[in-house]
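Given next are the chains, with one letter for each unit.
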Amino acid sequence: MKCSKCQAEGKPVPSATVKALLKESNERSDHEYYACMDAQCDVIYYTNEEVFTINQVTVTPWYKDYVEHKVLCYCDNISQDDLDRLMIEHPEEGYEALM
């Protein structure tokens, strides 16, 4: 399904992810949610009925260009900076060292 703003093809996203990252987590029915992967578009998630923009989410996804602090793992709050630092300081430990 394409984003209604930029027409980029979206990627399916679990409804639990969308509900967890929306600032106002109203009771929403389980829709098929999509993420707009266009790096410049301000649409983050959408359905065939709703659009959620950068102002409506608690964390801006890593794939958007305008993000300064790119969070790669929301559950463990691991950022791109954390991963870069690990790979420089402890390359032999791998990703598990961040957990």
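Since the model is a prediction, treat every value here as computed from it, not as a measurement. (Residues numbered from 1 in each chain as written. Predicted model: local features only at pLDDT ≥ 70, side-chain atom pairs only at ≥ 80, totals over all residues. Heavy atoms only, no water.)

**Re the sheet that holds strand β3 (residues 43-46)**
Phase 1 of the analysis: The strand order across the open sheet built from four strands is β1-β2-β3-β4, with neighbouring strands paired in antiparallel fashion. Of all the strands in the sheet, just β1 (11-13) and β4 (51-53) have a single pairing partner and so form its edges. Neighbour-to-neighbour, the strand axes of this sheet turn through a mean angle of 35 degrees, independent of strand direction.
Phase 2 of the analysis: Of the strand pairs in this sheet, β3 and β4 are connected by three bridges, and their pairing is antiparallel. Within β4, the position partnered with valine 43 by the bridge is threonine 53. (Pairing = 2+ DSSP bridges. Helix = DSSP H or I, 4+ residues; strand = E, 2+ residues; numbered from the N terminus. Axes fitted to C-alpha atoms, helices over the stretch in contact; angles between N-to-C directions.)

**Let's talk about the environment of valine 51**
Phase 1 of the analysis: As for its placement among the helices and strands, valine 51 is situated in strand β4.
Phase 2 of the analysis: Assessed through its relative accessible area of 36%, valine 51 is described here as partly exposed.
Phase 3 of the analysis: Setting aside anything within four residues of it in sequence, one finds valine 51 in contact with Ser4, Val43, Tyr45, Tyr46 and Gln56. (Buried < 20%, exposed > 50% of the residue type's maximum accessible area, 1.4 Å probe, protein only. Contact = heavy atoms within 4.5 Å.)

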